[in-house]
Amino acid sequence: MKSTPSRAEAPNSQSPLPGTVPATMLMALALAGAIGPFATDTYLPALPLIVGEFGVSASVAQLTLTAFMVSLAVGQLVIGPLSDRMGRRTLLILGSVGTAIAAVVCALAPSIWVLVLGRVAQGFFGAAGIVLSKAVVVDVGRGAGVAKAFATLIALQSVAPVIAPLVGGAVVPFGGWRAVFWLLAGLSVVTAIGVVAAVPETLPPDSRRTGGFMSTLADMRVVATHGPFVARVSAFVFTFGVLFAYISASPFIYQDMVGLSPTAYSVAFTVNALGILASNLAGARLVGRFAPEKVMRTGVAGMVSAIAVLVVVVALSPAGTLGLAPVTAGFLLLTLSIGLILPNAAALSMQATQGHSGSGSALLGAAQFSLAALVSPLTGLAGPHSAVPMLVVMGFCAALVVVAVVAVFNRPVRAT
């Protein structure tokens, strides 16, 4: 089995690309990485229509989301390590094309089970963009440039599932639930064109891993048992858990407890989504002046403070009711802080993959979306008029982030 040093730690002199990620390539990668998260719940506003058309229960219709999330996680575990052996570009193109075809299958689905199968395929192929966009950045970028590139990638990947229901809510009234999947098919075609035009192969043949299935498992074990990688991935994944707790609970918080209309909720949700985007972009500039660890630590402090604010707001409010201003202030501080953590935690994770960037990206993405699938139902355990489950999930995840950050600062990456 061929062993290579980490590209983030030791530049590859044979790479045909410069040490910074070109803007056109970065935008193509960002779009490829956002398709999967965007497709996660774009169609959620149309679930009642799907239930009515196919005559199934709500729980059966929700299998389309569960199947997608599981397939998205599994796809990353398969495609990431495979790319360490086959290269990135071909798999990235196949993923974009496969996502487009799967979206067409969903749009034409004659039954709920064909729709579920289409979503399984959409999740698997959509995983390629998530896992390979990170791997390509590590192939190409160096030093602080990696964190800057990750700021753009994570900005779109984090905002995508947040704005997806809003986009779906705008499309469904005009074209029904099938129109959402036609939109996703079109975006996937655009993504494929962008990858073909702007993303060359970034992993030269002489830098690729060799061996079969057992070798792949060995590569993943090396990464998964590397302490610095585990600490950094934990910081990323559990921060995403906090974000997904907000995404899952916010419709009930804003509409059932604050009393906003669906339109007003969309406005509040959009404001918080812009908070994530703004802090990601600001974080990209800060990385040039401060170490990624310092920026991430600032974000963690802000996230913990935001959760504390929300706990106080809930504790001081009458049961089942919340005020718009304090809730929005808490959520906005939360999203601004998360925007500082995610790109830096992802960059630090990928720098600790020990030359297995495909496997490392696969483990990161699989853990991320597996936790998201677990968090979503937990936030609603006490019904639509209680914020307590959301706060418990947020507090638990934030505590693990703090532990992981302490490990990050105490266990620097060493060349292997």
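That block above? That's the structure.
In this report, we go over the structure that sits alongside the text. (Residues numbered from 1 in each chain as written. Predicted model: local features only at pLDDT ≥ 70, side-chain atom pairs only at ≥ 80, totals over all residues. Heavy atoms only, no water.)

**As for a nonpolar patch on the surface**
Taken together, the side chains of Val 70, Val 74 and Val 78 present a nonpolar region at the surface, about 220 Å² in accessible area. Structurally, Val 74 is set in helix α4 (residues 63–86). (Patch = residues over 30% accessible without salt bridge, like charges linked within 9 Å, V, L, I, M, F, W, Y side chains within 5 Å. Areas by Shrake-Rupley, 256 points an atom, 1.4 Å probe, with all protein chains shown as cover. Salt bridge = Lys/Arg side-chain N within 4 Å of Asp/Glu carboxyl O. Helix = DSSP H or I, 4+ residues; strand = E, 2+ residues; numbered from the N terminus.)

**Here we look at the layout of surface pockets**
Which parts of space are left empty comes out when a probe the size of a water molecule is rolled across the atoms. Considered as a void within the structure, the largest pocket measures approximately 1,000 Å³ in volume. For the largest pocket, the lining is made up of 32 residues, of which Leu 44, Gln 62, Leu 65, Ser 248 and Ser 376 are closest to its centre. Of all elements in the fold, only α1 (23–41), α2 (47–54), α4, α7 (144–198), α9 (227–258), α10 (262–287) and α13 (357–378) reach the threshold of two or more residues within the lining of the largest pocket. Of the residues contributing to the lining of the largest pocket, the split by class is 20 nonpolar, 10 polar and two charged. (1 Å grid on protein atoms, 1.4 Å probe; cavity = no way out; pocket = protein on both sides within 12 Å on 5 of 7 lines; lining within 4 Å. Points joined across faces, edges and corners; volume = space filled by probe spheres on them. Nonpolar A, V, L, I, M, F, W, Y, C, P; charged D, E, K, R; others polar.)

**Points about the side chain of Ser 96**
With respect to the helices and strands, the residue Ser 96 is situated in helix α5 (residues 89–107). Exposure remark for Ser 96: the relative accessible area of 6% places this residue in the buried category. Other than its neighbours up to four places away in sequence, Ser 96 contacts Ser 188, Thr 191, Ala 192 and Val 195. (Buried < 20%, exposed > 50% of the residue type's maximum accessible area, 1.4 Å probe, protein only. Contact = heavy atoms within 4.5 Å.)

**Digging into the packing of aromatic side chains**
This model, assessed by the stated rule, comprises seven aromatic pairs. Ring centres of Tyr 43 and Phe 181 lie 5.6 Å apart, and the angle between their planes is 40°; on these two criteria the pair is classed as tilted. With Tyr 43 in the loop between α1 and α2 and Phe 181 in helix α7, this residue pair connects regions lying 138 residues apart in the sequence. Judged by relative accessible area, Tyr 43 falls into the buried class, the value being 1%. Owing to a relative accessible area of 0%, Phe 181 belongs among the buried residues under this scheme. Centroid distance Trp 177 to Phe 181: 6.0 Å. Interplanar angle 85°. Geometry classified as edge-to-face. You can see Trp 177 and its partner Phe 181 sitting in helix α7, four residues apart, about one turn around the helix. We classify Trp 177 as buried; its relative accessible area is 3%. Sitting above the plane of the Phe 68 ring, Arg 119 keeps its charged end 4.1 Å from the centroid. (Phe/Tyr/Trp six-rings, centres within 6.5 Å; stacked < 30°, edge-to-face > 60°. Lys NZ or Arg CZ within 6 Å of the ring centre and 35° of its normal.)

Read these as layout, nothing more, since geometry by itself doesn't imply function.
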